[in-house]
Amino acid sequence: MNFSERNFQRYKSLVSSLLSALRVLYFHHLPGSEIAVYEGDILLRRGRRSAINCESCLWPKSQDGLVKVPVNISSDFCECMQMDNVKSWIADALQEISTLTCVQFVNRTTETDYVYVERGCWSYFGKIGGRQAVGLVKNGCMDKGAIQHEMNHALGFIHEQARSDRDRFVKIMWEHIVAGNFGKMNSKNLGLPYDYSSVMHYGAYDFSSTPGKATIVPVPDPSIPIGQREGLSNLDVAKINKLYKCNCCSSVLPKSKGSFSSVNYPFPYPNNSSCLWLIRIRQSKIFLQFEAFDLQPSSDCSSDYIKIYNGNSKNSPVLLDKYCGKGPLPSLVASGSTMLVEFASDESITLPGFVMSYTFSR
Ligand SMILES: [Zn+2]
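Procedures and definitions
Residues numbered from 1 in each chain as written. Predicted model: local features only at pLDDT ≥ 70, side-chain atom pairs only at ≥ 80, totals over all residues. Heavy atoms only, no water. Helix = DSSP H or I, 4+ residues; strand = E, 2+ residues; numbered from the N terminus. Buried < 20%, exposed > 50% of the residue type's maximum accessible area, 1.4 Å probe, protein only. Contact = heavy atoms within 4.5 Å. Areas by Shrake-Rupley, 256 points an atom, 1.4 Å probe, with all protein chains shown as cover. Core = buried A, V, L, I, M, F, W, Y, C linked by side-chain atoms within 4.5 Å. Donors = N, O, S within 2.8 Å, 3.2 Å for Na, K, Ca; no water.

S.K.: Is there a simple way to think about the overall build of the protein chain in this case?
M.R.: In terms of helices and strands, the protein chain carries four helices and 18 strands. Split into buried and exposed, the 362 residues of the protein chain put 53% on the buried side. Considering only contacts in the protein chain between residues 6 or more positions apart, those separated by 24 or more positions represent 74%. Summing over all exposed atoms, the protein chain offers an accessible surface of approximately 16,900 Å²; the carbon and sulfur share of this is 52%.

The following block contains the structure:
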């Protein structure tokens, strides 16, 4: 490690320690003596523990198969920053969850049970009934992944490193922990693997007492990155869909380049094999190419089709409207760092499908 890298590391861990201290300060201002803070940002009402292991802590599913979570945002945000900004950051982060899972965040009107977003950096576990606060704040708790992290607690998710099986994947460095609780929980792990890239995983230096000293070290490979807050990981999506028994086929493509295809390619895709792919990269623009394309043709592509959006939801502007048959193979550029690819297939006639590849474009 050279001098500037070392300085950068020192700076990074100093900032991380300061942020931890700030989070701790928030906890001292929590209202209500019956509320305890657990693991740094989780509010527990007395008697409540692992919500992921608690059916009654889940938000109810409506007859249409969607899980609606009403959200209201406090006007407190107006004092220090533009309300419009806050609303658009929150909407963008929640949109990703709504697009890829059956959990839909809706503006609260008269619903009794709802999430109330106020300033802070914490959340309750699962649905608690009535108005329940989720704390979000600029500078440290308003990144897309941080917003999703706090909302995931409200959906019933614990910290990834609190899973019952975490000792096989990380080592907790108790001697460097300044605050927070790094305990394990009797969690229901949904039959899905441990996820270092989850938005629910702490970063290596969170709550460190000493700059540069990690509190969590992945094992056996300590270089595995943890603590990303760029957005839901593929397993974060899978876990929401599993916990809420959603009938969704969706994935996130977070790498700066890659490719994906219809199921079974080059063999025919099954009937009713509709899926979504959200491409989300760090660089500015996504460049997408069709490598192969052969879908059931229909006059207005109403049977099987591909549709591509310039953004992270079906409400985003359309880049390529319903497209079917054999091509020609178009190239597309998104104006930003997210692109949503929708594949729909109906109950009859299937063909080999498609292969697409993407990279970034400056
Ligand atoms: Zn948390």
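Next, the rest of the story.
S.K.: Help me out: how do you make sense of the nonpolar core in this one?
M.R.: One finds I90, V103, F105, V115, V117, L155 and Y244 to be the most contacted residues of the largest nonpolar core, which totals 42 residues. Elements with a contribution of two residues or more to this core: strand 3 (67–73), helix 2 (83–100), strand 4 (103–107), strand 5 (114–119), strand 7 (131–136), helix 3 (144–155), helix 4 (234–243) and strand 12 (275–280). If one sorts the elements of this core by residue count, helix 2 sits on top with seven residues. In contact with V117, not counting residues within four places along its chain, are V71, N72, I73, S74, F77, I90, V134, L136 and M151.

S.K.: What am I meant to see in the side chain of S198 here?
M.R.: Inspection of the secondary structure puts S198 in the loop between strand 8 (170–172) and strand 9 (216–218). The residues touching S198, leaving out its near neighbours within four places in the chain, are E160, Q228, R229, S233 and D236.

S.K.: What is the right way to read the coordination of the zinc ion from this model?
M.R.: Taken together, D41 (OD), D41 (OD), H149 (NE2), H153 (NE2) and H159 (NE2) make up the protein donors of the zinc ion, found 2.0 to 2.2 Å from the metal. For the zinc ion, all donor residues lie on one chain, and their spacing in sequence is D-x107-H-x3-H-x5-H. With respect to class, H153 is no different from H159; both count as buried.

S.K.: Can you walk me through unusual backbone geometry in this structure?
M.R.: Where the residue is not glycine, phi is negative for most of them; where a peptide bond is considered, it is trans in most cases. A cis amide bond, omega 0°, links V219 with the succeeding residue P220. Considering the arrangement of structural elements, one finds P220 in the loop between strand 9 and helix 4. The linkage connecting G327 with the following residue, P328, adopts the cis geometry, with an omega of 15°. Residue placement: P328 occurs in the loop between strand 15 (318–323) and strand 16 (331–333). The residue L190 is not glycine, and still its phi comes out positive at about 60°. Along the chain, L190 falls in the loop between strand 8 and strand 9. A relative accessible area of 13% means that L190 is categorised as buried. Phi angles above zero are rare outside glycine, and N264 is one such case at about 75°. Positionally, N264 belongs in the loop between strand 11 (258–261) and strand 12.

None of the figures reported here should be taken as evidence of function without further support.
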